[in-house]
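Examining the three-dimensional arrangement
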Amino acid sequence: MSETLPLRLVLASASPARRKSLQAAGIEPDVLVSGVDESLVVTERAEELCLELARLKAQAVLTRLSPDAGQRTLVIGCDSVLAFDGDILGKPTDAADATGRWLRMRGRSGVLHSGHCLIDVSAGRRAEAVASTTVHFADISDDEIAAYVASGEPLAVAGAFTIDGLGGPFVERIEGDPGTVVGLSMPLLRRLLAELDLRITDLWTKVAPGGQSVEPVGNVRS
């Protein structure tokens, strides 16, 4: 590879929250949805499940990319699950499932695990890890649960809750990185990039949040 190459980060996820997390950190990813059937992976360990799904998502997108010698391409796959009371909870199957979960979770706590798999396509290298954060849920009322489920938000997210949306008021506190709960831990991404001899600042775009200029942009020594 040449002395310097522009960097491209491909996010293997349809999650708007993950994309917003990257954008807020000054990174503008390309988005390519993996289409992985999450039901194909079965394990009793939440950490293993989310990491294997992250791997599958990254690999599925990798196989659809066309080689480009003029840039260094990275693919990030992520997946999140909630470990609660001995169960592994992904996205609810329907409104009744989401309601049942909240009736169990309110006033209690669980651990949200997010698997991250980062592939350096150009170098043929990979770095991966799981970030985990304890979530303490508020003791919310039946009416609040009904209103939240009716909003539709909990049907689209692992564990049937968010902290960066309508579900935020229903989470009393967390122990760990908030990004883990959103679905992409920026501190963990920084460490994974370092394993691939990259800096997170290499991924910054020209204009960071707030409009301040950021230079240089996407050029790394390979």
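A brief structural summary. (Residues numbered from 1 in each chain as written. Predicted model: local features only at pLDDT ≥ 70, side-chain atom pairs only at ≥ 80, totals over all residues. Heavy atoms only, no water.)

Take the packing of aromatic side chains next. Within this structure, the stated rule accounts for 5 aromatic pairs. Ring plane angle 65° and centroid distance 5.4 Å describe the contact between Y148 and F170, whose orientation is recorded as edge-to-face. Highlighted residues: Y148 in helix α4 (residues 142–151) and F170 in the loop between α4 and β7 (171–175), separated in sequence by 22 residues. A single burial state applies to Y148 and to F170, both of which are buried. Cluster of aromatic residues (ring-pair linked, three or more members): W102, F137, Y148, F161 and F170. (Phe/Tyr/Trp six-rings, centres within 6.5 Å; stacked < 30°, edge-to-face > 60°. Helix = DSSP H or I, 4+ residues; strand = E, 2+ residues; numbered from the N terminus. Buried < 20%, exposed > 50% of the residue type's maximum accessible area, 1.4 Å probe, protein only.)

With that settled, the discussion passes to the environment of G165. Positionally, G165 belongs in the loop between α4 and β7. Taking the C-alpha atoms as reference, G165 lies 8.2 Å from E153; in sequence the two are 12 residues apart.

When you tally the buried positions in strand β3 (residues 72–84), you get 12 out of 13 residues, the bulk of the element. As paired strands, strand β1 (residues 4–11) and β3 are joined by 5 bridges and run parallel to one another. By the bridge assignment, R8 is partnered in β3 with T73. Examined bridge by bridge, β3 and strand β5 (residues 109–120) share 10 bridges and lie antiparallel to one another. Looking at the pairing, I76 lines up with L118 of β5. Connecting β3 to the antiparallel partner strand β4 (residues 87–89) that follows it, the hairpin turn spans 2 residues, and D85 within it adopts a positive phi of roughly 55°. (Pairing = 2+ DSSP bridges.)

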